[in-house]
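The residues making up each chain are set out below.
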Amino acid sequence: MRSLTRAEAEDRAATVRVTGYDIDLDLREDGPTFRSRSTVRFGARPGSRTFVEVRPRRLRSVRLNGRSLDPVLEDGRLVLDCLDESNALVVDADMAYSHEVEGLCRTVDPADGQSYLYAMSFLDAAPRWFACLDQPDLKAPVSLTVHAPREWTVAGNAPALATGAGEWRLEQPNPLATYVTTLIAGPYATVAESRSGVRFALHARASLRRELERDADSLLRDSAGFLAEFERMFAFPYPWGEYHQAFVPELGTSAMENPGCVTIGDDLLFRGAPTDAEIDNRANTIAHEMAHMWFGDLVTMRWWDDLWLNESFAEYLGFVACEALGRRAAWTEFGISTKPWGQRADRRPSTHPVAANAAGDTAAALTDFDGISYAKGAALLRQLATRLGAEAFGAGLRRHIAAHAFGNATLADLLAAWTAASGVDITAWSDAWLRTSGMDTLQWRDGAVLRHSPDGSHREHAVTLASFARDGSLREAVPLVLDGNRTPAAISPGALVLPDARDETWAKIALPDTAWQDVPELLPRLRGPERLAIWNALRLALADSELDPRLAAQIVVATLPVEEDDAVLGAVGTWAVSSLAAAYLSETERPAALTALAAAADAAVYGAPAGSGRALAAARLYVSATSDGGALRRWLDGDVPHGLVLDVDLRWAVVLQLCALGEFSAEELGAEAARDRTAQGELRAAQADAARPEPAAKERAWQTLMSDPDAPNPLLYAIARGFWQPGQAATEPYAARFFEEVPGMAQLRSGWVLSRLAELSYPRTAVRRATVAASENLLRREDLHPGIRRGVVDAGDDLRRAVEARERFGVALS
């Protein structure tokens, strides 16, 4: 189905007005399809024409205003001519169940053989399960009639009322955008209760009932607390009736903000012990999706170029709500994990402005749905809230919601609301920050903070300049506004003077070479947000060939044993293994670096309280870094250190590392898979098998990635994550094969899986100039699918940076 262009959407919105959908779904058959009968009611200019999107397996019939049509379906569109002022279109079709997380998805739980359904309509997938006018500014009430086995649970955008044996009716009177229309159906386990006048319900596969019931009180308490906080924040009551949260399999993303029925990846129902950071991250996901109930669902962007507003606001307000409810160090997680995601995106060739990214069609909008849309936008909103003050920022937000509730709005509408509420014209701020791309560099030198903009933009920064003594104590902190390329400041001298010491702005912090030499001694003694600023500066300096990878590894090893926050320990440790050691160090230097990192992780385990989240984060790091197969075997036998438990998740981490080391046979892996016959177990087994260094395992994994049209997205991602292991000779032939075969992926798959899978399956361990050249050659192809192009651009830029850093500092290439 071809992408809807902005011009087509504007023309259609000027021609028609959708007044309602009535969708009848028959889900009782067990085959590859289901029957969908869509009635679309809409007004139009008499005599005009329009089109409706639908992607059926078989089109049974089409009736317009009572008369049968002989439809011609081209690129997923039904063209309708000679419209009346009031129209009723009935499309009867057989639709295919999806395994690509687009449309009505069906998965079979290997634990019990039961089928579970959920609908994913984002971004343009709604026509895969019902006929519609699929664009965000044609919102309308939606009613669903669902026929399904009588023992099933059914939920969606409105309360599901049983109207007969095996029949449910869901009627949402408030207008919905098509991309957030959803349904879940299946033998889901459910926990529900009413809090503060709203019925909350949690759903998960029956095989996860124990985990659901274990976590239900915490999940419901968080949900009710966030809802109360957002009602206060927006001064608008929750508008969607009930609030369902369905933990669904194979979602392929963290969650989706469907009004009244959020779908969440069921990996967030932890099967093993979670770290504190993972619990907080789940709470943030819940808050993020709930913020969308107002910003995105109640008030929806007019076109996809403002999609960033949905995600940036939900990301920012999610952290604000977590902080309001007393979640520990909410902004630490943002600074150490979320912000670096956006920083990487903003420095790649694929960077784009936060706003005004000129999404000409839906495909372009999906390609630019990235760390800039989430992390950078959220960081800028945090900055704007500081600039305007919390009261004015909130007043403008409430004004915006009240003015556009149940409708659509643009960035210009939001800026006008903030200007009216604050009396401050923020046009210049918007132009400088939202309509440009790239990151400024800030550096302390000769008594001043220097600002360098890569594109010459004038971006004002509000930061805290701080100096630290060699023992880690703060000597002085000075608030500073940087409105020029050189801002003098008087501050007490110290071993380190750090611009943006509180991690408040969006910029790269550059440290002089002499300062980096002191960091291995200084960083372990710091305890405040300056740690985040230094870690982010370190990662960016490494990627810019400004920091010797060996010194970076030394800093990590010196610091992690005393790091007290498991979010920082986990994020930095994962980066050190998967990027620093894997890409920036040579084949001869990597083993010693990983051994030192494993020793640091072991020290961190015993330096943490026994059985704590910090000890668990350190133990996972040890497992991923060590080459001591004997020690890992002892873990499998139950000899786990310092009060930890070898639960199912930690066990799979050990198995994965043993497989990557070539010390776990196919028969042993089969036994592990047999003891964990669950959906998650299948994914973990597939990842571990792909990590094995045997040529047969690599070829089996590769064929699935490149040739299997029926493999579900999460399975593809798991295999791609396991495939490229540093130092494995068996992967060598696949570096060249990637560039030959990846263009054909577009013939097998569609949607956001293309860019993500192209990036994950890129030969990231082939760190050499030949790989850079192969990327450049592939990108010259004019017929390369945009999604694949984006994945290759991003992964190729990461590898190019590693090549250049290794060349700069004399680290041998692979």
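Please refer to the structure higher up on the page.
Structure report, in brief. Being a predicted model, the structure only gives us computed values, none of them experimental.

Cut-off values and rules
- Residues numbered from 1 in each chain as written.
- Predicted model: local features only at pLDDT ≥ 70, side-chain atom pairs only at ≥ 80, totals over all residues.
- Heavy atoms only, no water.
- Phe/Tyr/Trp six-rings, centres within 6.5 Å; stacked < 30°, edge-to-face > 60°.
- Helix = DSSP H or I, 4+ residues; strand = E, 2+ residues; numbered from the N terminus.
- Buried < 20%, exposed > 50% of the residue type's maximum accessible area, 1.4 Å probe, protein only.
- Pairing = 2+ DSSP bridges.
- Axes fitted to C-alpha atoms, helices over the stretch in contact; angles between N-to-C directions.
- 1 Å grid on protein atoms, 1.4 Å probe; cavity = no way out; pocket = protein on both sides within 12 Å on 5 of 7 lines; lining within 4 Å.
- Points joined across faces, edges and corners; volume = space filled by probe spheres on them.
- Nonpolar A, V, L, I, M, F, W, Y, C, P; charged D, E, K, R; others polar.
- Contact = heavy atoms within 4.5 Å.
- Salt bridge = Lys/Arg side-chain N within 4 Å of Asp/Glu carboxyl O.
- Core = buried A, V, L, I, M, F, W, Y, C linked by side-chain atoms within 4.5 Å.
- Parallel < 35°, antiparallel > 145°, perpendicular 65-115°, else oblique.
- Left-handed = near helix turned anticlockwise from the far one by under 90°.

## Overview of the packing of aromatic side chains
Here is step 1 of the chain: Evaluation of the coordinates by the stated rule reveals 35 aromatic pairs.
Here is step 2 of the chain: When the ring of Tyr238 is compared with that of Tyr243, the centres are 5.7 Å apart and the planes differ by 75 degrees; the resulting orientation is edge-to-face.
Here is step 3 of the chain: When the ring of Trp702 is compared with that of Phe723, the centres are 5.3 Å apart and the planes differ by 45 degrees; the resulting orientation is tilted. Of this pair, Trp702 sits in helix α21 (residues 695-707) while Phe723 sits in helix α22 (residues 713-723), and the two are 21 residues apart along the sequence. Both residues of the pair, Trp702 and Phe723, belong to the buried class.

## Let's talk about the sheet that holds strand β27 (residues 486-488)
Here is step 1 of the chain: The strand order across the open sheet formed by four strands is β27-β24-β23-β29, and the pairing between neighbours is mixed. Of all strands in the sheet, those bounded by a partner on one side alone are β27 and β29 (507-509). The sheet shows a mean angle of 25 degrees between the axes of neighbouring strands, taken without regard to direction.
Here is step 2 of the chain: With three bridges connecting them, strand β23 (residues 440-445) and β29 associate as parallel partners. Opposite Asp440, over in β29, you have Ala507 as the bridge partner.

## Some details on the layout of surface pockets
Here is step 1 of the chain: In this structure, the second largest pocket encloses a volume near 410 Å³.
Here is step 2 of the chain: Lining the second largest pocket are 22 residues, with Ser3, Ala363, Ser750, Gly751 and His785 sitting closest to its centre.
Here is step 3 of the chain: The set of elements that each furnish at least two residues to the lining of the second largest pocket consists of α6 (362-367), α24 (753-760) and α26 (786-808).
Here is step 4 of the chain: Taken together, the residues of the lining of the second largest pocket sort by class into nine nonpolar, eight polar and five charged.

## Some details on the environment of Phe236
Here is step 1 of the chain: As for its placement among the helices and strands, Phe236 is situated in the loop between α2 (209-234) and β18 (243-248).
Here is step 2 of the chain: Along the chain, Phe236 and Ala405 lie 169 residues apart, while their C-alpha atoms are 9.3 Å from each other.
Here is step 3 of the chain: Beyond its immediate sequence surroundings of up to four residues, Phe236 is in contact with Glu231, Trp294, Leu298, Ile401, Ala405 and Phe406.

## With respect to the pattern of salt bridges
Here is step 1 of the chain: Applying the stated criterion across every chain yields a total of 68 salt bridges.
Here is step 2 of the chain: In this structure, Glu193 and Arg195 form a salt bridge, with 2.4 Å as the shortest nitrogen-oxygen distance.
Here is step 3 of the chain: Salt-bridge contacts for Arg620 lead to Glu278; the nearest nitrogen and oxygen are separated by 2.7 Å. A residue pair is termed long-range when its members are at least 10 positions apart, and Arg620 in helix α16 (residues 613-625) and Glu278 in helix α3 (residues 276-291) qualify at 342 residues.
Here is step 4 of the chain: Glu278 gets classed as partly exposed once you look at its relative accessible area, which sits at 26%.
Here is step 5 of the chain: Beyond isolated ion pairs, a larger network of salt bridges with shared partners links Arg347, Lys508, Asp544, Glu546, Asp797, Arg800, Arg801 and Glu804.

## Overview of α22
Here is step 1 of the chain: The element α22 is extensively covered by neighbouring structure, given that nine of its 11 residues are classed as buried.
Here is step 2 of the chain: Those residues of α22 that fall on the buried side of the exposure criterion are Asn713, Pro714, Leu716, Tyr717, Ala718, Ile719, Ala720, Gly722 and Phe723.
Here is step 3 of the chain: Those residues of α22 that are buried lie in contact with α20 (679-691), α21, α23 (732-741) and α24.

## Re empty space enclosed by the protein
Here is step 1 of the chain: Under the counting rule described, the total for this entry stands at eight cavities of 30 Å³ or more.
Here is step 2 of the chain: There is about 110 Å³ of room inside the largest cavity.
Here is step 3 of the chain: Lining the largest cavity are 14 residues, with Asp280, Arg328, Ala329, Ala330 and Glu333 sitting closest to its centre.
Here is step 4 of the chain: Elements that contribute at least two residues to the lining of the largest cavity include exactly α3, α4 (307-324) and α5 (330-346).
Here is step 5 of the chain: No other element matches α3, which puts four residues into the lining of the largest cavity.
Here is step 6 of the chain: A class-by-class count of the residues in the lining of the largest cavity yields six nonpolar, three polar and five charged.
Here is step 7 of the chain: Its volume calculated, the second largest cavity comes out at about 70 Å³.
Here is step 8 of the chain: Lining the second largest cavity are Ala553, Val556, Val557, Ala576, Leu580, Ala581, Leu585, Ala593, Leu594 and Leu597.

## Section: the environment of Ala674
Here is step 1 of the chain: Locating Ala674 in the fold gives a position in helix α19 (residues 666-675).
Here is step 2 of the chain: Between the C-alpha atom of Ala674 and that of Leu597, which follows or precedes it by 77 residues, the distance is 33 Å.

## Quick word on the nonpolar core
Here is step 1 of the chain: In this structure, Trp516, Trp535, Val556 and Leu580 are the most contacted members of the largest nonpolar core, which totals 126 residues.
Here is step 2 of the chain: Of all hydrophobic cores here, the second largest spans 122 residues; its members include Leu64, Met95, Tyr97 and Leu414.

## Some remarks on the packing of helix α13 (residues 549-559) against helix α14 (residues 566-584)
Axis angle and axis distance: for two packed helices, these are the angle between their axes and the distance between the axes, and together they describe the pair.
Here is step 1 of the chain: Across the interface, α13 lies against α14 with an axial gap of 11 Å and an inter-helix angle of 155 degrees. Comparing the axis directions of α13 and α14 gives the class roughly antiparallel. As α13 packs across α14, the resulting crossing turns out to be left-handed. Two secondary-structure elements touch here, α13 through Pro549, Ala552, Ala553 and Val556 and α14 through Val572, Trp575, Ala576, Leu580 and Tyr584.
Here is step 2 of the chain: Residues belonging to the contact of α13 with α14 are distributed by class as follows: nine nonpolar, no polar and no charged.

## Things to note about the sheet that holds strand β10 (residues 115-120)
Here is step 1 of the chain: Overall, antiparallel pairing links the four strands, which are arranged β9-β10-β15-β12 in an open sheet. Where the open sheet ends on each side, the last strands, each with one partner, are β9 (103-108) and β12 (153-156). Neighbour-to-neighbour, the strand axes of the sheet open up by a mean angle of 10 degrees, direction not taken into account.
Here is step 2 of the chain: Summarising the sheet, β9 and β10 pair through six bridges and their orientation is antiparallel.

Note that every value here comes from positions in space, so none of it alone points to a role or purpose.
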